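Now for the letters of each chain:
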Amino acid sequence: MTVSYTLKVAEARFGGFSGLLLRWRGSIYKLLYKEFLLFTALYALLSITYRLLLTQEQRHVYAQVARYCNRSADLIPLSFVLGFYVTLVVNRWWAQYTSIPLPDQLMCVISASVHGVDQRGRLLRRTLIRYANLASVLVLRSVSTRVLKRFPTMEHVVDAGVDRCPRGSSPAGEPGGGPGVRTQTWASWERGSDPQGASPGGQERCLRRTHFISSGFMSQEERKKFESLKSDFNKYWIPCVWFTNLAAQARRDGRIRDDIALCLLLEELNKYRAKCSMLFHYDWISIPLVYTQVVTIAVYSFFGLSLVGRQFVEPEAGPAKPREPLEPGQEAASTLGDLDMYVPLTTLLQFFFYAGWLKVAEQIINPFGEDDDDFETNKLIDRNLQVSLLSVDDMYQNLPPAEKDLYWDDDSAQPPYTVATAAEALRPSFLGSTFNLRVSDDPEQSMQVEASPGSVRPLPAAQTPLLGRLLAAGAPSPAISLRTFGRARGAPRTPHLLRFRAEESGDLEAADRIEEASVGSEEAAREP
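> Mind showing me how you'd approach the overall build of the protein chain here?
Assigned secondary structure in the protein chain consists of 18 helices and zero strands. Across the 528 residues of the protein chain, 31% fall into the buried class. Taking the intrachain contacts of the protein chain between residues at least 6 apart in sequence as the baseline, contacts between residues at least 24 apart amount to 72%. Working note: accessible area of the protein chain is about 36300 Å², and carbon and sulfur atoms make up 60% of it.

Right under this line is the structure:
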C-alpha cells in the first residue's frame, strides 16, 4: 500500500519534516538497515584487527594501504554518477504512473454516445467498458507481480467475479436468502458447492439477476475466442479490437446515432490503448543495464575503499619541524595529533546518504512490485471496474431534476465562508503583477506618437541631456562597415545630424535640402 503523508506536510511549520523521520513503513531505515549493519560490522572487524591483532610493523603497512585507499576513493565521481541516475529513474517512475490506463474519459463517452434504456443498450455499454477493463487487466497482469498473483491464469480472469446477491437481498423465508449468502465466486456456483448453506433455488435466482457480470472480466466464450487467436506476442490488444467491432455494430444498429460520436468513442479508445501499450513497453525496455551496473559498482567500490581508507590509523611520519626557542618562563605547547575515534560518524552518514540514494533508485525503478511505495495495481483494478460499470449502467440517464441554483438572480455569485476561512474573503483578488505599478504623471510621457521615423518629433534636449550632447558634438560614428571602410577622410558623412539640427531650429526647408543631398550622394556612391 502506498505510503501517503500529504496531510502531514499540508502546512510549512517548524520541524515539519522532522515528524516524518520517525516512520518505519516506507522509510529509508527499512530499506537500508541490513546494508548499514553489514557495513558497520565490517568496519568494526577491520578496526579490531588493526588495533589488537597486528604488530607494529603490520600496522605501519596497513596505515599506508589505508591512506592510499582514502585517496583513491576521492577519485570516484560518485555524486555525479549517482545523482544523474536517480534523476533518470524518478522521471521514469512518474512517466510509468501517468501511463496507467484509467477508464474515466472513456466511460463518459460511452455513457453519452451509446443509447438505449432497454436490455440491449445496457448490454452494449457494459460490454464495451468491460472490454476496456479487460485490456488493462491483461497488460497489468504482464507487468505487475501483485496482479499476476491475483490472476495467475486466464481461468482466474474468467472467474474473477463474485455473486452480486447482497446480504439479505432475498426474503427471509426464501431458500438461499438471509444474511448467510454474500460473496461466493462464480466457479463455486458452477461446481454446486454452497458452504454458506444456500439452496439451488437461491443460486438460480441470484444467477438470473447477475448472469452478465458474475463471469468477471471475461466470459467463457470470450476466453475461447481469445485462446483461438495464435500469436507469439502479448495479446492484451484483443479486447480493444473487440471494442472497435462492437462499437461499429452499435453504429449500424443505430445505438450510436452519428459518425461523429463513433469517431469520438474510437479516439478515446485509442488513447486508452496507447497507455496500455506504453505501460507494456516500459516493462519491456528498461534503463540500459550497463548504466545500472556502473552506478552499482561505483557505490560499492567507494564504500569498499572507505572500509579500509576511513580507519583511524597512526599519523603519517614526516620530517620533524624545528621548534622555536622558548622565552624564559614559557612552557612547551603540547602537540595535537589526529583524533582517534572508534565510531566514524561522517563515514556512516556518507554511507547512509549515498547507499540510501541507491536504494531509492532500486525501489522505484520498477514500481509494479510489492514494495511499500509501489503502485497499488489491484486497488486500481477494483476502482476502475466499479466506477466504470456504475457510470455506464446505473448512472445512464439517471439525472437529478434540473433546478435553479442559489445564485439565479445574483449578478455576482459569492459562496459563503466559514469562520475559519473568513479572513481570506478580505484579501484583494490578484489582478496581475503590473496592476499596482506607479506610472509617471507627466503628460508628455503618456503622449502618443507614430512609429514612422520621419514623423517622430525630437524630444526636448532637457529630457535627454546625454543624447543631446552626443548629437550636438557632430562627431562621426566610430562604427566601421564595408560601405564606410576605405572612404577618403573629409567632412563627416552624417547628414542625419545636420537634418536633425535644422529641424530643431525650425528651418524645414534646409532640412529638406539636406535630405535631398544625402539621397543623391547615396545614389552616386552606388554607381560603379
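> Even after reading the chapter, I still don't get unusual backbone geometry, so can you show me in this structure?
A negative phi angle characterises most non-glycine residues, just as the trans form characterises most peptide bonds. Here the phi dihedral of Gln397 falls at roughly 55°; this positive angle occurs in a residue that is not glycine. Assignment of secondary structure puts Gln397 in the loop between helix 15 (377-394) and helix 16 (465-473). The exposed category is assigned to Gln397, whose relative accessible area is 54%.

> Got a minute to help me understand the packing of helix 13 (residues 289-309) against helix 14 (residues 345-364) in this structure?
Any two packed helices are characterised by how steeply their axes cross, that is the angle between the axes, and by the distance between the axes. As a packed pair, helix 13 and helix 14 sit with axes 11 Å apart at the nearest point and diverge in direction by 165°. In terms of orientation, helix 13 lies roughly antiparallel with respect to helix 14. For the pair helix 13 and helix 14, the sense of crossing is left-handed. Taking contact as the criterion, the partners of Val295, Val299, Tyr300, Phe302 and Phe303 in helix 13 are, on helix 14, Gln350, Phe351, Tyr354, Ala355 and Leu358. Considering only residue class, the contact of helix 13 with helix 14 consists of nine nonpolar, one polar and no charged.

> How do you make sense of the pattern of salt bridges when you look at a structure like this?
Any two side chains of opposite charge can pair if their charged atoms end up close together. Going through the model one piece at a time under the given rule, you end up with 15 salt bridges. Between Arg130 and Glu222 there is a salt bridge, with the nearest N and O atoms lying 2.8 Å from each other. One end of the pair, Arg130, is in helix 5 (residues 119-143); the other, Glu222, is in helix 10 (residues 220-228), and 92 residues separate them in sequence.

> Quick question: what am I supposed to make of the packing of aromatic side chains here?
According to the stated counting rule, one finds 23 aromatic pairs in the structure shown. The interplanar angle of 50° and the centroid separation of 6.1 Å between the aromatic rings of Trp93 and Trp94 together place this pair among those described as tilted. Looking at Trp93, the relative accessible area reads 26%, which means it is partly exposed. A centroid spacing of 5.5 Å and a plane angle of 55° characterise the contact between Tyr131 and Trp242, whose relative ring orientation is tilted. Taken together, the residues span a long stretch of sequence, with Tyr131 in helix 5 and Trp242 in helix 11 (residues 238-252) at a distance of 111 residues. Of the two residues, Tyr131 and Trp242, both sit in the buried class. One aromatic cluster is present, built from ring pairs that chain together Tyr29, Phe36, Phe39, Phe302, Phe303, Phe351, Phe352, Phe353 and Tyr354. Cation over ring: Arg59 sits above Tyr50, and NZ or CZ is 5.9 Å from the ring centre. The cationic tip of Arg125 hangs over the ring face of Tyr396; the distance from NZ or CZ to the ring centre is 3.5 Å.

> I'm lost on helix 4 (residues 104-113) in this one. Help?
Along an α-helix, a turn takes 3.6 residues, which lines up residues three or four apart on a common side. Every buried residue of helix 4 is listed here: Leu106, Met107, Val109, Ile110, Ser111 and Ser113. Next to the buried residues of helix 4 lie helix 5, helix 11, helix 12 (259-284) and helix 15.

> Even after reading the chapter, I still don't get the environment of Val387, so can you show me in this structure?
Here Val387 is to be found in helix 15. A C-alpha to C-alpha distance of 8.1 Å links Val387 and Asp104, two positions 283 residues apart in sequence.

> Would you mind showing me how to read the state of the cysteines here?
Disulfides are covalent bonds that link the sulfur atoms of two cysteine residues. Inspection of every chain in the model, using the stated rule, returns zero disulfides. Cys276 supplies the cysteine sulfur nearest to Cys240, a cysteine that is in no disulfide, at a spacing of 5.7 Å.

> Explain the nonpolar core to me, please; I cannot follow it from the model alone.
Side chains of a nonpolar character, in soluble globular proteins, are inclined to be buried together. Among the nonpolar cores identified, the biggest contains 49 residues, and Leu106, Ile110, Leu140, Phe217, Phe243, Ile256 and Leu265 are the most heavily contacted of them. Sorting the residues of this core by element identifies helix 4, helix 5, helix 7 (154-158), helix 11, helix 12 and helix 15 as the ones contributing at least two each. With twelve residues, the top contributor of residues to this core is helix 5. Residues contacting Leu106, with those up to four places away along its chain left out, are Ala132, Phe243, Leu265, Glu268, Leu269 and Tyr272. Counting residues in each nonpolar core, the second largest holds 24 residues, with Tyr43, Phe302, Phe303 and Leu348 among its members.

> Just checking my understanding: could you explain a nonpolar patch on the surface for this structure?
A contiguous nonpolar patch, built from Leu339, Met341, Tyr342, Val343 and Leu345 and spanning about 550 Å² of accessible area, is present on the exposed surface. Within the element layout of this structure, Leu345 appears in helix 14.

> What exactly am I supposed to notice about the side chain of Asp393 here?
Position of Asp393 among the secondary structure elements: in helix 15. You can call Asp393 buried: its relative accessible area is 11%. Within the structure, the side chain of Asp393 is placed 2.3 Å from the side chain of Arg126, a separation counted as a polar contact. Residues contacting Asp393, with those up to four places away along its chain left out, are Arg122 and Arg126.

> Whenever I open this one, a negative patch on the surface confuses me. Can you help?
Side chains of Asp405, Asp409, Asp410 and Asp411 sit close together on the surface and give a patch of like negative charge. Relative to the helices and strands, Asp409 resides in the loop between helix 15 and helix 16.

About the cut-offs
Note that residues are indexed from 1 along each chain, following the sequence as it is written. Local features in this predicted model are restricted to residues whose pLDDT is 70 or higher, and side-chain atom pairs enter the listing and the counts only when it is 80 or higher, whereas totals over whole chains, interfaces and linings include all residues. Side-chain measures here rest on the full set of heavy atoms in the structure, leaving out hydrogens and waters. Think of it this way: any DSSP run of H or I at least four residues long counts as a helix, any run of E at least two long counts as a strand, and we number them from the N terminus. Accessibility here uses a 1.4 Å probe with only protein chains present; expressed as a share of the type maximum, an area under 20% marks a residue as buried, one over 50% as exposed, and anything in between as partly exposed. Residue contacts are defined here by distance: any two heavy atoms, one from each residue, within 4.5 Å place the two residues in contact. The method behind every accessible area is Shrake-Rupley, applied with a 1.4 Å probe, and residues are considered shielded solely by the protein chains displayed. Axes here mean lines fitted to C-alpha atoms, for a helix over just the part in contact, with angles spanning 0 to 180 degrees between N-to-C directions. Each angle gets one of four labels, with under 35 degrees taken as roughly parallel, over 145 as roughly antiparallel, 65 to 115 as roughly perpendicular, and the rest as oblique. Here a crossing is taken to be left-handed if its near helix is turned anticlockwise relative to the far helix by less than a right angle, and right-handed if that turn runs clockwise. Gly falls in the polar group here, along with every residue not listed as nonpolar (Ala, Val, Leu, Ile, Met, Phe, Trp, Tyr, Cys, Pro) or charged (Asp, Glu, Lys, Arg). When a carboxyl oxygen of Asp or Glu is within 4 Å of a side-chain nitrogen of Lys or Arg, the pair counts as a salt bridge. For Phe, Tyr and Trp, where Trp contributes only its six-membered ring, two rings pair if their centres lie within 6.5 Å, and the inter-plane angle classes them as stacked under 30 degrees, edge-to-face over 60, or tilted in between. The criterion is that NZ of a Lys, or CZ of an Arg, lies within 6 Å of the ring centre and within 35 degrees of the ring normal, and then a charge sits over that ring. Defined by distance alone, a disulfide is two cysteine sulfur atoms within 2.5 Å. As used here, the term nonpolar core means buried Ala, Val, Leu, Ile, Met, Phe, Trp, Tyr and Cys residues forming a set that is joined through side-chain atoms within 4.5 Å. Excluding any residue in a salt bridge, patches collect residues exceeding 30% relative accessible area, merging like charges within 9 Å and nonpolar Val, Leu, Ile, Met, Phe, Trp and Tyr side chains within 5 Å. Residues adjacent in sequence count toward polar contacts only when both atoms are side-chain atoms; beyond that, a polar contact is any pair of N or O atoms within 3.5 Å, and within protein one must be able to donate a hydrogen and the other to accept it. Note that His is not counted, nor are the chain ends; the positive residues are Lys and Arg, and the negative ones are Asp and Glu. Just so you know, the charge point we use is NZ for Lys, CZ for Arg, CG for Asp and CD for Glu.

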